[in-house]
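# Chains, contacts and geometry: an overview
Listed below, chain by chain, are the residues.
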Amino acid sequence: MIKNILILFMFFVFFTPLLYCARIISLLPSYTEIIFSLGSGGELVGVTNYCNYPDEAKKIERVGDYLAPNVEKIYLLKPDIIFIGGWKNSFIKDINKLHTNTVVIPDETSIDDIYRSIRVIGKYLGKENEANELIGKMKKELAEIKEKSYKKVYVEVDDGGWTSGENSFISDVISKAGGINVFNDIKTSYFKADWEEVIKRNPDVVILLNTSKKSFLKRPMAYKISAVKNKSVYMLKSEERDMLSRPSPRIVGLIKKLNDIFNKK
Amino acid sequence: MNKIVEIRDLKFSYPNGNNVLNGIDMNFYGSEICGICGPNGCGKTTLLKIIAGIFKKYYGDIRINNCELSSLGYKEISRLVSYVPGDINTPFDFTVYDVILMGRAPYLGFMDSYSNSDRKAVVDVSDMLGIGYLSERYFSSLSNGEKQIVLIAQSLVQKTPLILMDEPTSHLDINHRLKIFDTLKKVSEKEGVSILVVIHDIKLAADYCNRLVFIKNGVISLDSRADNIINSIEKLSDIYSISPASVKRYIV
Amino acid sequence: MNNRIKIIISVAVFISLSYLSLSLPFGCDSDILINLRIPKFLGIFISGFSLATAGMVLQLVTKNPLADPFVIGTSAGSMLAIILLEILGIYSYGFVSFFFITISALFFTYLAYRISRFSNSASINMLLSGVAVNSFVLSIIVLFVIFSKEQSLYFFHLSFGSFSYSNYTSIIYSFLTIIVSSVFLLIMMNRISILSFDEEKASTLGVNVERIKFILFIIVSLLVSASVSLSGIIGFIGLMIPHITRYFFRGMSLKSLFLMNSVYGASFLLLADVISKKFFYPLEIPPGVISSIFGAIFFIYLVMGSNGRKRTN
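Residues numbered from 1 in each chain as written. Chains lettered and ligands numbered in written order. Predicted model: local features only at pLDDT ≥ 70, side-chain atom pairs only at ≥ 80, totals over all residues.

A few words on the overall build of chain B. The number of helices and strands found in chain B is nine helices and 10 strands. Taken against the 2.2 N^0.38 rule, which gives 18 Å for 252 residues, the C-alpha radius of gyration of chain B at 18 Å falls within 12% of a compact globule. Its C-alpha atoms give chain B principal-axis dimensions of roughly 55 × 40 × 40 Å. By residue count, 42% of the 252 residues in chain B fall in the buried class. Relative to all contacts within chain B whose residues are 6 or more apart in sequence, the contacts with residues 24 or more apart total 68%. (Helix = DSSP H or I, 4+ residues; strand = E, 2+ residues; numbered from the N terminus. Rg over C-alpha atoms; globule rule 2.2 N^0.38 Å. Buried ≥ 20, exposed ≤ 12 C-beta atoms within 10 Å, placed from the backbone. Contact = placed C-beta atoms within 7 Å.)

Right, here's the structure in full:
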């Protein structure tokens, strides 16, 4: 009798984790990073073409990108759960037809939203503890940022004056790093700013994502900008660019780096 | 009578291979209106376009005022030959005055402008043809017949010793047809101009032309003085593939 | 209302738009005026002038009221050269760059022309062959961008353009271009007129048709390159403005028409700038966006209007 109970017990010990050993598909690079951070990277069977962190992610089967996922491939991989973003595309209907558990994660426009996404993913993967631990770690690291310079920052997301306004992820990153987005009075999250206004608002720091530093400095009256005078114009490396455009746990490291940049005298 | 055009063994075929002209030998003289007739597709229009310098790839010799045609530049040709096409379609706004003034283009000065004598010539020719009242109308709004008269005016203003006309009166009523040909006769006699007219109406041609030339199968089938045409009924019936009786009814 | 009055009104509108473009948004110091606003104004003026003129010339040469340098591939040709020069890292505002950009534009324009001549069918006009060439060139551009490291190139140059970064050096060659082109066009205006009337008649009137066409293609390439090198691709100006000018100035001589056309082209882009500054500042609506919206509507109106209604002007 005790033997049977023991066998049953062993059965549950071994198989319960397997019950949660889902086949996961992630349709955004940020979700992939979160999934790996929660320790469920081994359960990923499909990721997007842009999922490049951590290195193990590069070896996982590609199922397209967030604009055009390969629904057939997704189907063939027989996923148990699919993590998808809050956009309204026609393929959502196709994916729903697969009758797989599809989790729609709303867009993140702030760091708090990242905590929410981590919690959601954690809940569906049975990794609530790991999720809370991750969130706690992130909050602690952010709290370590004591010195906030409140410098004016201009972030150019795409060449030609494209920047982010208030309700944007990038704006939140800047403020967590201790800076102030010069365009945080504009409610639009992505727009083209008039060059004259950039000069008038005179940022102390300029962060370039996709513009070369050379072409920025060549612009008329660029020499008048405080950031140019203080040699505080920075073009992010491609790795840093990825970090800034992905609401993932790595953002904390970037925020710290930006904080250092903003604090430079 | 001076020789204006001399053609020797002219052969021409289109790029797609159709042989159109197979050896034309001809002279045209000043003060002469020569009608060019023949069945459809026999090469009448092509002949005109070759002499006008529009088609350049021909075999044989053509001399205008004793100059070899192939050695002449566009401008030189335009001062020797003027061409009246069957019809013209243009989507843009040109007034009748503008259109006739274009006929003076061969004489444009260095800074590309028309002179006062150019403008006077336009007015004179308009009056001569009785179309002064059309001057400010848009060419594209005219009827087909009115357009034809304007095109004739355009070529008269060019003052060339040789005028080529392709069915210049096909859209005109009988009144205007006669008026135009009266004018052409006057111009031809007074200025010594040689006029070649492609025309289907043989009766009209016989009345106004000095000479009639018939082309069939790419060669000259018949070349006769207009007042003598009545003696060529057999030939005409062969050219047009109709009975001699029909020929008599059609010409007489 | 006769043409003289219309000319005065048009010039007055142009001057007001220029003033608005230079003074909006209100409150700027002389530094900004001299270094930002005046170069921007000059850039807009040159671009509007060039594109409208290029469109008018193309419509006359092809006798097709739908012709436009954007549609037939001239603008794309210029852009290809710019992208190539940028990838090689040798793009500058100097003569050599401008020369290559123009040659590239000319090559593809002339290619579209030769393709249309090659076909014996009357329906393959230059517009159709131009569309094919345009698609081809744009695909090549995208390929270059995908395989180059700097994908931001694509975004900046192709995203509808901007005059905000004009400076006096960048506009020198474009400015020279419009002066030289205008002089040539004015000298040739009567012959262009005849060419647009009828090509066969033109040759019998002493006009060397093929040579004039080639010269005109060179001029169009120069004008378009002048605009594209300043601000990237702005479409539909060459299509719309000649029609608007011809509509308002019925029966005017071609020389005056050409000048008014250029003024209207510049005015339109200035209007786009004023709209952007008045209603959207500090956001900037790229001028190409406004021109495309108006242009597409205009294009549809043109195509619809040509059905059934005989063109009795």
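Moving on: the overall build of chain C. When helices and strands are counted, chain C shows 12 helices and zero strands. When the helices and strands of chain C are placed in sequence order, the string is α-α-α-α-α-α-α-α-α-α-α-α. Here chain C has a C-alpha radius of gyration of 19 Å; the compact-globule value for 313 residues is 20 Å, and the two agree. With respect to the three principal axes, the spread of C-alpha positions in chain C is 60 × 55 × 35 Å. Looking at chain C residue by residue over its 313 residues, the buried ones come to 49%.

Cis geometry is found at the peptide bond from L24(C) to P25(C), where omega equals -15 degrees. Within the secondary structure, P25(C) sits in the loop between α1 (3–23) and α2 (30–62). The omega torsion of the bond from Y281(C) to P282(C) falls at 0 degrees, within 30 degrees of zero and hence cis. Turning to its location among the elements, P282(C) is positioned in the loop between α11 (254–280) and α12 (287–305). Phi at K231(A) takes a positive value of approximately 55 degrees, unusual for a residue other than glycine.

Of the residues lining the interface, 26 residues belong to chain C; the matching set on chain B comes to 27 residues. Of all the secondary-structure elements, those providing two or more residues to the side of chain C that touches chain B are α7 (168–197) and α8 (199–204) of chain C. If you tally residues by element for the side of chain C that touches chain B, the top one is α7(C), at eight residues. Considered class by class, the residues forming the side of chain C that touches chain B number eight nonpolar, 10 polar and eight charged. (Nonpolar A, V, L, I, M, F, W, Y, C, P; charged D, E, K, R; others polar.)

Moving on to the arrangement of the chains. Contacts are most numerous, across the two pairs of chains in contact, for chains B and C. Left apart from each other, chain A and chain B have a closest C-alpha approach of 41 Å.

Our next topic: the environment of Y53(A). All names here are of chain A. Within the element layout of this structure, Y53 appears in the loop between β2 (44–46) and α3 (71–76). A residue is classified by how many C-beta atoms lie within 10 Å of it, and Y53, with 19 of them, is partly exposed. Measuring from C-alpha to C-alpha, the distance between Y53 and R250 comes to 9.8 Å, with 197 residues separating the pair along the chain.

So, on to the interface of chain C and chain A. Each partner contributes residues to the interface: chain C has 17 residues there, and chain A has 17 residues. Of all elements in the fold, only α2 and α6 (152–158) of chain C reach the threshold of two or more residues within the side of chain C that touches chain A. Sorting elements by how many residues they give to the side of chain C that touches chain A places α2(C) first, with four residues. For the side of chain C that touches chain A, the per-class residue count stands at 10 nonpolar, six polar and one charged.

I100(B) and L164(B) are the most contacted members of the largest nonpolar core, which has 156 residues in total. Of all the elements, α2(C) adds the most residues to this core, at 13 residues. Excluding residues that lie within four positions of it along the chain, I100(B) makes contacts with V122(B), V125(B), S126(B), V150(B), A153(B), Q154(B) and V157(B). In terms of nonpolar packing, the next biggest core, distinct from the first, is built from 62 residues, L134(A), A177(A), A193(A) and V233(A) among them. (Core = buried A, V, L, I, M, F, W, Y, C linked by C-beta atoms within 7 Å.)

This part covers the packing of helix α10 (residues 237–248) of chain C against α11(C). Residue and element names in this part refer to chain C. Axis separation between α10 and α11 bottoms out at 9 Å; the angle between their running directions is 125 degrees. Comparing their axes, α11 and α10 come out oblique. Handedness of the crossing formed by α10 with α11: right-handed. Residues I237, I241, P242, I244 and T245 of α10 touch α11, and the partners they reach there are L257, M260, N261, Y264, G265 and F268. Class assignment for the residues of the contact of α10 with α11 results in eight nonpolar, three polar and no charged. (Axes fitted to C-alpha atoms, helices over the stretch in contact; angles between N-to-C directions. Parallel < 35°, antiparallel > 145°, perpendicular 65-115°, else oblique. Left-handed = near helix turned anticlockwise from the far one by under 90°.)

Moving on: the sheet that holds β2(A). All names here are of chain A. If you trace the four strands from one edge of the open sheet to the other, you get β2-β1-β3-β4, paired in parallel fashion. Two strands lie at the open edges of the sheet, namely β2 and β4 (101–105), each paired on one side alone. Neighbour-to-neighbour, the strand axes of this sheet turn through a mean angle of 30 degrees, independent of strand direction. With two bridges connecting them, strand β1 (residues 24–26) and β2 associate as parallel partners. Bridging across to β2, I24 finds its partner in L44. (Pairing = 2+ DSSP bridges.)

Low-pLDDT stretches of the model should not have their predicted coordinates read in fine detail. Averaged over every residue, the pLDDT of chain B is 87; residues scoring 70 or more account for 98%. The least confident element of chain B, judged by mean pLDDT, is helix α9 (residues 244–251) of chain B at 78; the most confident is strand β6 (residues 81–84) of chain B at 94. (pLDDT = per-residue confidence, 0-100.)

Residue and element names in this part refer to chain B. Most of strand β8 (residues 194–198) is tucked away, with five of its five residues classed as buried. Of the two faces of β8, the one carrying S194, L196 and V198 and the one carrying I195 and V197 are both buried. Bridging between strand β3 (residues 32–37) and β8 involves five bridges; their strand directions are parallel. Note on β8: the bridge partner recorded for I33 is I195. Across five bridges, strand β7 (residues 162–166) lies against β8 in parallel orientation. Its bridge partner lying in β8, M165 is registered against V197. Handedness of the β-α-β unit built from β7, helix α6 (residues 174–191) and β8 comes out right-handed. (Right-handed = clockwise from strand over helix to strand, strands pointing away.)

Residues and elements named next belong to chain A. Within the fold, V103 resides in strand β4. Between the C-alpha atoms of V103 and I5, which are 98 residues apart in sequence, the distance is 37 Å. What V103 contacts, discounting residues up to four positions off in sequence, is I81, I82, F83, I84, V120 and Y124.

All names here are of chain B. What the four strands build is an open sheet, ordered β2-β1-β4-β5; its pairing is antiparallel. Edge positions in the sheet fall to β2 (19–29) and β5 (67–68), since each of these pairs with one other strand and no more. Pairing analysis gives five bridges linking strand β1 (residues 3–13) to strand β4 (residues 59–64), with the strands arranged antiparallel. Along β4, the bridge assignment pairs E6 with R63.

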